[in-house]
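Analysis of the macromolecular model
Each chain, written out:
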Amino acid sequence: MKYTLEKIKQEIAEKINDFTGSELVQPADLAYPPNIQMGDLSLPCFVIAKNTGKNPAEVSSDLVSKFSALVGENKKIASVFSAGPYLNFKLNKHNLCEEVINDTKEAEYGANEIGEKQKVMIEFSNANTHKEFHVGHLRNLCYGDSARRIMNENGFEVLPVSYINDFGIHVAKTLWALQEFYKNDELPENKGEFLGRVYVRSNKETKDDPHKNDLVKFMMKKIESKKGEEYELWKKTREWSIEQMQDIYKDFGIEFVKTYYESEVIDEGREMIDDLLEKGILKMSQGAVIADLEQFDLGVLVFLRSDGTATYPVADIPLAMKKFKDFELDASIYVVDVRQELYFKQLFRVLKQMGYKKPMIHLGYDFVTLPDGMMSSRSGNVVTYEELKKMLEERIEEETKSRHSDWDQQKVDVVKKALTKAVIKFEMLKVGAKQTIVFDIEKALSFQGFTAAYLLYTCARINSIISKSDISKDKITEHDLNKNLNEEKEHEIVIKMAKYPDMVKLAGQNYDPSVIAKYVFELAQEFNDYYHAVKINDSEEKEARLALSLAVLRVLEKALSLLGIETIEEM
């Protein structure tokens, strides 16, 4: 599907190629000038100049002469002018406005078919049972879900899955401490969160204590035997963690087509070791089993330590194979933090040696920190999801009641729940994945600046404007847009809305939700500037301006939905 701006770029590119007798210019070559006074579209003429032997500024000037004769008969282009080596275009405001507003009415506005329905699996929310689900885990969850939404919008068939580490020494630590210190305690309602606190205590108790660490190792062997009291305790407590995770996924509106567990694939991985040794993909080294990847500048990847204990790839190799087999994938994506970058390069190289040639991609992301420093599960210096949710909801409820003393509790709760989720998601997505996030609640809740509160308030403002207009949304028409929308700020808003499909493509190409976050903030800013500069309801241009406002609301809602954020009508 092609939208207005893309069609205009296509026409301009074709016309330039006709003028130059070449196929040098593609629609994507037409860029956006740094400010709208320099035009709406701009073509750098360097490539044409190189192929014609002319100076770029001369090429630009020649093309202006050729285009000028067509401007009068072309409804889409208002003027063409040269800016040194750049050929700049100003578009017909009224024609563009009408067509872009019509574009925004389409339910699929912004979507494209670049992905050609390729089946891609994205694995995210790789949390551990028997540990806290904290703010750092939320970045993984939000990033993976938004990347899935953006890829779907770019025409891929995306299958979201989760992989849970429910087997390992961290589990043994938690269960040892549970039996040692809490055996007779009454259990709280949220047993999954409780296990996280037990894990923190276990780390403190076992630190620098060889005897207690030996007891943890003994617990691990009992669990691995898959029989007895310890194994039954593992099964029961595992369900506590899984139930907690399911509640969090429900809070965030996230569903997985499948959840994989380490305990389900680890035995299969162990059974593969001999076969991989025989094929020469793995080898023995000082009693350990390794993949020697030095020839690829990837060092050594240990599969089995010299004491026989397994490392991550023993489970990750059969898991990767299972994914491709179960779903016949065209590609597989892993959302895991940046510390694992080398590991995934190693893992993908081993899989390639095993015959898996289809794309495997690691999407890394950096840490989430608190204003007072780094977080650590082992030390307990974390903010859990439950703690963060409670803090945000309390603050938002207080703020909402101060703004709307006449609201009943039900209306307050709608805002509280929606804004809490929106704040968490936006804070996790508004910067690039490779940037560290400092999660500062005070700043995140501000109604000014680059925040979810600002964006949702903008949407609520537009809804309020429309509700006060005495015209319902479904009755607003684009009556006399050509005559009534003449403000420069209106044109700037239209251009910004017209760029939305480009932003969807860019975000998809780079697996980067922050592209959408920045775009939606800029559009909200432009609308708010417009709102403060002109009258909407109390003006002769009322209906046209309402149509423009409604189009902005539609685009804001579409863009925010790619971040997993739902809007609310009142705030």
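Let me begin by describing the structure that accompanies this report. (Residues numbered from 1 in each chain as written. Predicted model: local features only at pLDDT ≥ 70, side-chain atom pairs only at ≥ 80, totals over all residues. Heavy atoms only, no water.)

Moving on to the nonpolar core. Ranked by internal contacts, the top residues of the largest apolar core, which has 133 residues, are Ile 16, Leu 87, Phe 89, Leu 141 and Met 497. Broken down by element, this core gets its largest block of residues, 13 residues, from helix 21 (residues 542-562). Once residues lying within four places of it in the same chain are set aside, the contact partners of Leu 141 are Phe 124, Ser 125, Phe 133, Ile 248, Tyr 249, Phe 252, Ile 254 and Phe 256. (Core = buried A, V, L, I, M, F, W, Y, C linked by side-chain atoms within 4.5 Å. Buried < 20%, exposed > 50% of the residue type's maximum accessible area, 1.4 Å probe, protein only. Helix = DSSP H or I, 4+ residues; strand = E, 2+ residues; numbered from the N terminus. Contact = heavy atoms within 4.5 Å.)

Here we come to the packing of aromatic side chains. If you walk through the whole model with that rule in mind, you get 25 aromatic pairs. Between Tyr 109 and Tyr 500, the aromatic rings sit 5.7 Å apart at their centres with planes inclined by 40°, giving tilted as the arrangement. Residue Tyr 109 is found in the loop between helix 4 (93-104) and strand 4 (119-123), and its partner Tyr 500 is found in helix 19 (residues 500-509); the two are separated by 391 residues along the sequence. We classify Tyr 109 as buried; its relative accessible area is 1%. Geometrically, the ring pair formed by Phe 426 and Phe 450 is edge-to-face, given 5.2 Å between the ring centres and 90° between the ring planes. Taken together, the residues span a long stretch of sequence, with Phe 426 in helix 14 (residues 409-429) and Phe 450 in the loop between helix 15 (441-444) and helix 16 (452-467) at a distance of 24 residues. Given the relative accessible area of 23%, Phe 450 is considered partly exposed. (Phe/Tyr/Trp six-rings, centres within 6.5 Å; stacked < 30°, edge-to-face > 60°.)

Right, let's talk about the packing of helix 5 (residues 135-153) against helix 14 for a bit. Running from N to C, helix 5 and helix 14 point in directions that differ by 80°, and their axes come no closer than 9 Å. With respect to helix 14, the element helix 5 is oriented roughly perpendicular. Contact residues: Val 135, Leu 138, Arg 139, Cys 142, Tyr 143 and Ser 146 in helix 5; Ile 424, Lys 425, Met 428 and Leu 429 in helix 14. Split by residue class, the contact of helix 5 with helix 14 holds seven nonpolar, one polar and two charged. (Axes fitted to C-alpha atoms, helices over the stretch in contact; angles between N-to-C directions. Parallel < 35°, antiparallel > 145°, perpendicular 65-115°, else oblique. Nonpolar A, V, L, I, M, F, W, Y, C, P; charged D, E, K, R; others polar.)

A few words now on unusual backbone geometry. Both trends apply: most residues other than glycine have a negative phi, and most peptide bonds are in trans. Although it is not a glycine, Ser 125 adopts a positive phi angle of roughly 60°. Counting through the fold element by element, Ser 125 comes out in the loop between strand 4 and helix 5. Take Ser 125: its relative accessible area is 2%, and that puts it in the buried class. Positive phi is not limited to glycine here, since Lys 226 has a value of about 55°. If you trace the backbone, Lys 226 turns up in the loop between helix 8 (210-224) and helix 9 (229-251).

Two elements in contact, helix 8 and helix 9, have axes separated by 7 Å at closest approach and are oriented at 80°. In terms of orientation, helix 8 and helix 9 fall into the roughly perpendicular class. Contacts from Met 219, Lys 222 and Ile 223 in helix 8 reach Glu 230, Tyr 231 and Trp 234 in helix 9. Each residue belonging to the contact of helix 8 with helix 9 can be placed in one class, and the counts come to four nonpolar, no polar and two charged.

Further remarks concern the sheet that holds strand 1 (residues 41-44). With antiparallel pairing, the three strands of this open sheet are ordered in space as 1-3-2. Each having just a single partner strand, strand 1 and strand 2 (77-83) make up the two edges of the open sheet. Ignoring which end each strand starts from, the neighbouring axes of this sheet average 20° apart. Two elements, strand 2 and strand 3 (residues 86-91), share six bridges in a ladder whose sense is antiparallel. Bridged to Val 80 within strand 3 is Phe 89. Running over the sheet, helix 3 (residues 56-71) touches strand 2 and strand 3 and is turned about 160° from strand 2. (Pairing = 2+ DSSP bridges.)

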